[in-house]
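Residues per chain, in single letters:
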Amino acid sequence: MMNDWSEERLARAALSQICEPARPGLAELVDQQGADQVFRSLLAASEDSAWGRRARSLNTADLVRAAEVLGIRLLIPSDDEWPSPLADLDNISCLGGMAGSSVALWVRGPLRLDEICVATHPPVAIVGARSSTRYGEAVAADLAGSLSHEFPVISGGAYGIDVAAHRGALAAEGRTIAVLAGGLDAWYPRGNTAVLDEIAARGLVITELAPGIRPTRAGFLARNRLIAALAGGTVVVEAALRSGALNTANWTVALGRVLAAVPGPVTSALSETPNRLIRDNEAVLVSRADDVRALLTPVGEQDELPLHGRPREFDDLDPGLLAVREALPARGDADLDDIAMASAKSVTQCQAALVRLELMGLVTRSRTGSWRLARR
């Protein structure tokens, strides 16, 4: 889809290159005055203004050419494809020195962002450590693969848990979105180029930064707020105490979205953040895709989850019979008096139960009158 490069769209494209994302007050100012007026004000700003100097050195025609060459489109809030959940960012006063929605979004891929961000089946963010373990990567890939047809998987395209989630969704032929912290003219990190190419061909890669802008620490933090805002919920899989995933979790809570975490070994430093979030009741413990599905599905539409695991052999056995059977030793025989004492039953009750268990093929009686578990 080719963009209609109106003055407003061109101005928003320019601002996405001139201004750092998530600067408090920027989105509000653009909404009030219009992007074109804000851009003109920057062009007229004094030499002391860094944004003004950038505005005067910018050629908007270069941005249009870059979009056409790269096959990317620019979304602005007036577009039908603009994702409505981003508006919730305007209700957050400030978090970590950042606030506000995006001025514009650069998008590459065949899917429509508005159709992915539907309220009934919203995207699920799966985030975590870059230096992940095989356990964490396996969990992330499995969750993504199981959820991605119903709930598109969104993550940051980084090493570790992020790329494991993207790969899991792609392997299952589901939908996935990568939100990057730099321009779409060069993939970052380069080691994930093949995966990001595949996402761009089958899903969506998005950013709020113009082509040519390289990732920065502030850019990664601003990217995290977009992941949290676009998703209906976030799942943290492996994250150290000061992991960037914790920043995404904080935005998720501030936005009133669902926060979940996968528990990990207490001996692992990568379990510190998810285990603490669960301990402090900030995140819901999840261990499988059905747990996440139950959190994201609207009330009344989710099938009730079983409260137990797979059925066991004696789940349907009468409790009285089960108590008598459990009183028998794993090996060898026991006489009636010992079984009665161990099961807390009277001798009469115990004898009647043993006869029924014998008819069911669960116990056998020896020639001496003692009892043992039947071999199975």
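The present account deals with the structure reproduced in this document. Since the structure is predicted, the reported quantities are computational estimates derived from the model, not experimental observations. (Residues numbered from 1 in each chain as written. Predicted model: local features only at pLDDT ≥ 70, side-chain atom pairs only at ≥ 80, totals over all residues. Heavy atoms only, no water.)

Each helix and strand in the protein was counted, giving 16 helices and 11 strands. Here the C-alpha coordinates of the protein stretch approximately 105 × 40 × 35 Å along the principal axes. Sequence-distant contacts in the protein: of pairs separated by 6 or more residues, those separated by 24 or more amount to 71%. As displayed, the protein has an accessible area near 18,400 Å², and 51% of this comes from carbon and sulfur atoms. One way to put it: in the protein the 38 positive side-chain charges average out to a point 6 Å from where the 46 negative ones average out. (Helix = DSSP H or I, 4+ residues; strand = E, 2+ residues; numbered from the N terminus. Contact = heavy atoms within 4.5 Å. Areas by Shrake-Rupley, 256 points an atom, 1.4 Å probe, with all protein chains shown as cover. Lys, Arg positive; Asp, Glu negative; His and termini not counted. Charge placed at Lys NZ, Arg CZ, Asp CG, Glu CD.)

Looking now at the layout of surface pockets. Each pocket or cavity is described by its volume, and for the largest pocket that value is around 270 Å³. Together, 16 residues line the largest pocket, and Arg 130, Arg 223, Asn 224, Gly 244 and Ala 245 are the ones closest to its centre. Sorting elements by how many residues they give to the lining of the largest pocket places helix H10 (residues 217-230) first, with 6 residues. Among the residues forming the lining of the largest pocket, the class breakdown is 6 nonpolar, 5 polar and 5 charged. Estimated volume of the second largest pocket: approximately 200 Å³. Forming the boundary of the second largest pocket are 15 residues, of which Val 118, Ala 119, Pro 122, Ala 231 and Gly 232 lie nearest the centre. Breaking the lining of the second largest pocket down by element, the ones donating at least two residues are H10 and helix H13 (289-296). Among the residues making up the lining of the second largest pocket, the classes are represented as 12 nonpolar, 2 polar and 1 charged. (1 Å grid on protein atoms, 1.4 Å probe; cavity = no way out; pocket = protein on both sides within 12 Å on 5 of 7 lines; lining within 4 Å. Points joined across faces, edges and corners; volume = space filled by probe spheres on them. Nonpolar A, V, L, I, M, F, W, Y, C, P; charged D, E, K, R; others polar.)

Membership of the largest hydrophobic core comes to 38 residues, with the highest contact counts inside it found for Leu 86, Leu 105, Ile 154, Ile 206 and Val 236. The biggest single contributor to this core is H10, with 6 residues. Contacts of Val 236, omitting those with residues within four sequence positions, involve Val 127, Ala 245, Ala 249, Leu 259, Ala 260, Ala 261, Val 262, Thr 273, Pro 274 and Leu 277. Judged by nonpolar contacts, the second largest core, of 37 residues, contains Trp 51, Ala 55, Val 195 and Val 205. (Core = buried A, V, L, I, M, F, W, Y, C linked by side-chain atoms within 4.5 Å. Buried < 20%, exposed > 50% of the residue type's maximum accessible area, 1.4 Å probe, protein only.)

To continue, consider the environment of Asn 59. Relative to the helices and strands, Asn 59 is located in the loop between helix H4 (50-57) and helix H5 (60-70). Residue class for Asn 59 comes out partly exposed when judged on its relative accessible area of 38%. Along the backbone, Asn 59 and Ala 14 are 45 residues apart, and their C-alpha atoms lie at a distance of 8.5 Å. Within the local environment of Asn 59, its side chain forms a polar contact with the backbone nitrogen of Ala 61, the two atoms lying 3.0 Å apart. (Polar contact = N/O pair within 3.5 Å; in protein donor to acceptor, adjacent residues only side chain to side chain.)

Right, let's talk about H10 for a bit. The first and last C-alpha atoms of H10 sit 21 Å apart over 14 residues, in line with the 20 Å expected at 1.5 Å per residue. Counting buried residues in H10 gives 10 out of 14 residues, a clear majority hidden from the surface. All of the buried residues in H10 are Gly 219, Ala 222, Arg 223, Asn 224, Arg 225, Leu 226, Ile 227, Ala 228, Ala 229 and Leu 230. (Expected span 1.5 Å × (residues − 1).)

Note that Ser 148 resides in the loop between helix H7 (134-147) and strand E4 (153-155). With near-sequence residues (within four places) excluded, Ser 148 lies in contact with Val 153, Ala 169, Ala 172, Gly 174 and Arg 175.

Before going further, it helps to spend a moment on the pairing of strand E6 (residues 204-207). Here is the key point about a regular strand: its side chains alternate between the two faces of the sheet. Neither face of E6 is left uncovered, since the one carrying Leu 204 and Ile 206 and the one carrying Val 205 and Thr 207 both have all their residues buried. As paired elements, strand E2 (residues 105-108) and E6 share 3 bridges and run antiparallel to each other. Counted as the bridge partner of Trp 106 is Thr 207 from E6. Two elements, strand E5 (residues 176-179) and E6, share 3 bridges in a ladder whose sense is parallel. Residue Ile 177 lies in a different strand from E6, and its bridge partner there is Leu 204. Since E5 and E6 lie parallel, the crossover through helix H9 (residues 193-202) that links them has a hand, and here it is right-handed. (Pairing = 2+ DSSP bridges. Right-handed = clockwise from strand over helix to strand, strands pointing away.)

This part covers the packing of helix H2 (residues 26-33) against helix H3 (residues 35-43). Between H2 and H3, the shortest axis-to-axis distance is 6 Å and the interhelical angle comes to 110 degrees. Taken together, the axes of H2 and H3 are roughly perpendicular relative to one another. The residues of H3 that touch H2, namely those facing Leu 29, Val 30 and Gln 33, are Ala 35, Gln 37 and Val 38. Of the residues contributing to the contact of H2 with H3, the split by class is 4 nonpolar, 2 polar and no charged. (Axes fitted to C-alpha atoms, helices over the stretch in contact; angles between N-to-C directions. Parallel < 35°, antiparallel > 145°, perpendicular 65-115°, else oblique.)

Right, let's talk about the packing of aromatic side chains for a bit. Summed over the entire model, instances satisfying the criterion amount to 1 aromatic pair. For the pair Tyr 188 and Phe 220, a centre-to-centre distance of 5.9 Å together with 50 degrees between the ring planes defines the contact as tilted. In this pair, Tyr 188 is assigned in the loop between E5 and H9 and Phe 220 in helix H10, connecting sequence segments 32 residues apart. Given a relative accessible area of 45%, Tyr 188 falls into the partly exposed group. Here Arg 130 stacks its cationic end above the ring of Phe 220, 5.3 Å away from the centre of that ring. (Phe/Tyr/Trp six-rings, centres within 6.5 Å; stacked < 30°, edge-to-face > 60°. Lys NZ or Arg CZ within 6 Å of the ring centre and 35° of its normal.)

A few words now on empty space enclosed by the protein. This structure, assessed with the given rule, holds 2 cavities of 30 Å³ or more. One number sums up the size of the largest cavity: a volume of about 110 Å³. Every residue lining the largest cavity is counted, 18 residues in all, and those nearest its centre are Pro 21, Ala 22, Leu 26, Val 103 and Glu 208. Of all the elements in the fold, those that place two or more residues in the lining of the largest cavity are helix H1 (7-18) and H2. Looking at the lining of the largest cavity residue by residue, the class counts come to 10 nonpolar, 4 polar and 4 charged. Roughly 30 Å³ of internal volume is contained in the second largest cavity.

So yeah, pure geometry; function would need other evidence.
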